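Here are the chains, one letter per residue:
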Amino acid sequence: MPSIAVYNMNKQQVGEVQLPDTVFGTEVKEYLIHQALRIQLANRRAGTVAVKNRAAVSGGGKKPFKQKGTGNARQGCSRAPQYPGGGVAFGPQPKTYSLSMNKKARAAALCSLLSFQYKSESITVLDKLDFDKISTKDFAGFMKRFELEKSLIVTDSPSNNLYLSARNVPHVKLLKVGALNVHDMLKYKNIIFTQDAVQTVEGALQK
């Protein structure tokens, strides 16, 4: 079973914690990570773009001019695509881009990525992460102390002080452990876990 050092907010090691083998010690399956990322990005698409085609444009019921004798090409409707105000030919219509992935495959993708992050030494575990008051300066000082940039912070129950202190710091995102996802773990270089989050991550990934 893999283990990792636990630090306090002053970057002093205060112990070690055993990491669940089923989460941080699994085989890295890149194809599952790719599939989970593709599905997550596809499901973000609204697919609500639409234009009016010839049938949806109002008016144009009358023939613009008689069929013969004008010297012009025959026309049946002034709302055809070649006319100003006419309908759009072959324009985009609403569609759904949503894809699905079964629960076990999604959990396996998350475990694969967490295992990869652990092997890459991109995970830091803290005994706790909280502040006595709302202070962006204190939070930025904490990040500088650990020499961490572009970090994803995963906690079991983030406090209001922590949330408000971190929200204006660039390249930092705060997540509850149950909201872990492939996109955010790939986007941020480092992952900071609180000790409580490490202990509940196995159960959270199975939901």
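This is a predicted model, so every value here is computed, not measured.

**Overview of the overall build of the protein**
Then step 1. Scanning the protein for helices and strands turns up 7 helices and 6 strands.
Then step 2. Reading the protein from its N terminus to its C terminus gives the helix and strand order β-β-α-α-α-β-α-β-α-β-α-β-α.
Then step 3. Considered along the principal axes of its C-alpha atoms, the protein spans approximately 95 × 40 × 25 Å.
Then step 4. For the protein, the proportion of its 207 residues judged to be buried stands at 39%.
Then step 5. In the protein, once contacts between residues fewer than 6 apart in sequence are set aside, the share between residues at least 24 apart is 67%.
Then step 6. Counting only carbon and sulfur atoms, one obtains 49% of the accessible surface of the protein, whose full area is about 12,700 Å².

**What about the sheet that holds strand β6 (residues 190–194)?**
Paired through their backbone hydrogen bonds, the strands of a sheet run either parallel or antiparallel.
Then step 1. In space, the 6 strands of this open sheet follow the order β2-β1-β3-β6-β4-β5, with mixed pairing throughout. The open sheet terminates on both sides in strands that have one partner only, identified here as β2 (13–18) and β5 (172–176). Neighbour-to-neighbour, the strand axes of this sheet turn through a mean angle of 30°, independent of strand direction.
Then step 2. For strand β3 (residues 123–126) and β6, the ladder comprises 4 bridges, and the chain directions are parallel. Of the residues in β6, the one forming a bridge with I123 is I191.

**Observations concerning the nonpolar core**
Then step 1. Judged by nonpolar contacts, the single largest core of 34 residues is most densely connected at L114, L180, F193 and V201.
Then step 2. With 6 residues, helix α3 (residues 103–119) is the single largest residue contributor to this core.
Then step 3. Residues in contact with V201, not counting those within four places in the same chain, are V23, F24, L114, V177, L180 and F193.

Parameters at a glance
Residues numbered from 1 in each chain as written. Predicted model: local features only at pLDDT ≥ 70, side-chain atom pairs only at ≥ 80, totals over all residues. Heavy atoms only, no water. Helix = DSSP H or I, 4+ residues; strand = E, 2+ residues; numbered from the N terminus. Buried < 20%, exposed > 50% of the residue type's maximum accessible area, 1.4 Å probe, protein only. Contact = heavy atoms within 4.5 Å. Areas by Shrake-Rupley, 256 points an atom, 1.4 Å probe, with all protein chains shown as cover. Pairing = 2+ DSSP bridges. Axes fitted to C-alpha atoms, helices over the stretch in contact; angles between N-to-C directions. Core = buried A, V, L, I, M, F, W, Y, C linked by side-chain atoms within 4.5 Å.

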